[in-house]
Amino acid sequence: MTFFDSRWVERPDYVSADDRGLPLGFRAGTAAAGIKGDGAVDLGLLVCDAEEIVSAARYTSSGVLAAPVIVSRDETIPNGLQVVVANSGNANAATGPEGLAAARAMQQAAAQAVRVEPGTVAVASTGVIGVPLPLAGLEAGIGAAAGVLRPSGDEAFAAAIMTTDAFEKRASLEVQLPSGTVRLCAQAKGAGMIEPAFATMLCFVQTDAALEPETADLLLSVCVKRSFDRISVDGQLSTNDTVILICSGRSGVRVEPETEDELCFGQALDALLRMLGILIVRDGEGSKRIGRVIVRGGDGESVERCARAVANSPLVKTALHGADPNWGRIAQAVGAAMQGTAPLALDIAIEGITVCAGGVAVPHDEEALRSAAEGLEIEYEIGLPGAGAETEVLFSDLSHEYVTINAEYTT
């Protein structure tokens, strides 16, 4: 199985992709709960059966939080999650007290189905906002999913959480640490309403390595900042973003803090989440090409502002889609982000070809630039006056299909 296929993700030599299902101590099951209305599988249940479980989680920063995010964030044991119940087709967001009651009912139903405490069950939902959750079908679906839990259920689980996704985003990895071999798996979804901090996305990560709670929380935090916080499809912050890491410890390999094991495990997790982030951008509801904008110079605030301005510019994104190396659109986006700084000594390079230096166009091989712009991964480098700061954003193009999908999303 090919997974690490982007030049922007470096696969550590000790990490290999396989397709052997979930790590030791995990099972997953799915069911059709009637949310999507066409009989499609729309509910997934993930269970960790280990005795000493450690978890960590991150959630959206939106001011409009979906009910499952509120329940998972505020009414669970953050470092003791052992079950995830997730549905697609309905976000259970902007649904008021009834939505909170539905999320708690999902949590309770899952807890009863696998005989755990409700506080160890995280709830996640994705789909249309503002529509009541059909709870009766969900409760029956949870029972059905619990009846088909299996170690090889990761593929079905990944499919159950998809909405407008064109393809699955799933990985099963073997990681050879200095102290022994562990497994690292993940299932994610996301294609639209994607913006750093972080996306309308769900991501569930499992490992049979044993981690301390502080180590799991630290590594997840750092890796999310380098992956899902760095992607954008349309600049829209979601109500439902959730990332959960669960560690079963069943491999018998313990990742101690401040050791080579921790460094290697962190690098493997980083590569995994960065590649999943790129797959989300690559999906991008009709995306054809993806871009990576790197901004150097200035200060932390200015490079971040410029990177996001370029990544979210409709002009830049449509040019990317059409393989049009119109760097003037990049200059415009940066200028809009840096108002009051004229004359801005701006540098721009596309795929290593310098087109602007010190704010002035420079001669370049236009045919080579045009050819470079036809690739599927396009890199933009921007230099601002000053030194010391640097950031990146990975983003999709803007296609005709994106407009179609979102113009007809609820109709």
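Shown above is the structure to which this text applies.
Section: the side chain of N90
Thought 1: Counting through the fold element by element, N90 comes out in strand β5 (residues 83-90).
Thought 2: Residue N90 is classed as buried on the basis of its relative accessible area, which comes to 3%.
Thought 3: Within the structure, N90 has its side chain in polar contact with the backbone nitrogen of N92 (distance 2.7 Å).
Thought 4: What N90 contacts, discounting residues up to four positions off in sequence, is I35, S125, T126, G127, V128, V131, P132, L133 and P134.

Details of the environment of D38
Thought 1: With respect to the helices and strands, D38 occurs in the loop between β2 (26-31) and β3 (43-48).
Thought 2: A relative accessible area of 59% places D38 in the exposed class.
Thought 3: Placed 125 residues apart in sequence, D38 and T163 show a C-alpha to C-alpha distance of 13 Å.
Thought 4: Separated by 3.0 Å, the side chain of D38 and the backbone nitrogen of A40 make a polar contact.

Topic: the pattern of salt bridges
Pairs can form between side chains of opposite charge once their charged atoms are near each other.
Thought 1: Within this structure, the stated rule accounts for 28 salt bridges.
Thought 2: Note that D74 and R73 form a salt bridge whose closest N and O atoms lie 2.8 Å from each other.
Thought 3: A single salt-bridge network, built from bridges that share partners, covers D5, R7, R282, E351 and E377.

Looking at the sheet that holds strand β1 (residues 15-17)
Thought 1: If you trace the 6 strands from one edge of the open sheet to the other, you get β1-β7-β8-β9-β12-β4, paired in mixed fashion. The sheet is open, and its two borders are formed by β1 and β4 (54-59), each paired with just one other strand. On average, each strand axis in the sheet is tilted by 15° relative to the strand beside it, whichever way the strands run.
Thought 2: Direction of pairing for strand β8 (residues 180-189) relative to strand β9 (residues 202-207): antiparallel, over a ladder of 6 bridges. Paired with K189 across the two strands is L202, which belongs to β9.
Thought 3: Lying over the sheet, helix α5 (residues 213-225) contacts β4 and β12 (242-247), oriented at roughly 30° with respect to β4.

Structural notes on the nonpolar core
Thought 1: Counting 48 residues, the largest nonpolar core has F228, L272, L273 and L276 as its most contacted members.
Thought 2: Mapped by element, the contributors of at least two residues to this core are β4, β7 (169-177), β8, β9, α5, β12 and α6 (260-283).
Thought 3: Per-element accounting of this core gives the leading share, 13 residues, to α6.
Thought 4: When neighbours within four sequence positions are excluded, L272 is seen to be in contact with F3, F4, A171, L173, L184, C185, A186 and V205.
Thought 5: Residues C306, I348, A389 and V393 belong to the second largest nonpolar core, which totals 30 residues.

Looking at the pairing of β3
Thought 1: For β3, the tally of buried residues reaches 6 of 6 residues, placing the bulk of the element in the interior.
Thought 2: Burial along β3 is two-sided: the face carrying L43, L45 and V47 and the face carrying G44, L46 and C48 are both buried.
Thought 3: Both β2 and β3 contribute to a ladder of 6 bridges, which runs antiparallel. Note on β3: the bridge partner recorded for A31 is L43.
Thought 4: Sheet analysis places β3 next to β5, joined by 5 bridges and oriented antiparallel. Its bridge partner lying in β5, L45 is registered against V85.

Quick look at the environment of A40
Thought 1: Here A40 shows up in the loop between β2 and β3.
Thought 2: Through-space distance from the C-alpha of A40 to that of P213 is 37 Å; in sequence the pair is 173 residues apart.

Describing the sheet that holds strand β17 (residues 360-361)
Thought 1: The mixed open sheet is built from 7 strands, whose spatial order is β11-β19-β14-β18-β15-β16-β17. Two strands lie at the open edges of the sheet, namely β11 (231-232) and β17, each paired on one side alone.
Thought 2: As paired strands, strand β15 (residues 347-350) and strand β16 (residues 353-357) are joined by 3 bridges and run antiparallel to one another. Directly across from I350, in β16, lies its bridge partner I353.
Thought 3: Of the strands in this sheet, β11, β14 (290-296), β18 (377-383) and β19 (390-396) are in contact with α6, which crosses β19 at around 45°.
Thought 4: Packing of helix α7 (residues 300-311) onto the sheet brings it into contact with β14, β18 and β19, and relative to β19 it is tilted by some 15°.

Parameters at a glance
Residues numbered from 1 in each chain as written. Predicted model: local features only at pLDDT ≥ 70, side-chain atom pairs only at ≥ 80, totals over all residues. Heavy atoms only, no water. Helix = DSSP H or I, 4+ residues; strand = E, 2+ residues; numbered from the N terminus. Buried < 20%, exposed > 50% of the residue type's maximum accessible area, 1.4 Å probe, protein only. Polar contact = N/O pair within 3.5 Å; in protein donor to acceptor, adjacent residues only side chain to side chain. Contact = heavy atoms within 4.5 Å. Salt bridge = Lys/Arg side-chain N within 4 Å of Asp/Glu carboxyl O. Pairing = 2+ DSSP bridges. Axes fitted to C-alpha atoms, helices over the stretch in contact; angles between N-to-C directions. Core = buried A, V, L, I, M, F, W, Y, C linked by side-chain atoms within 4.5 Å.

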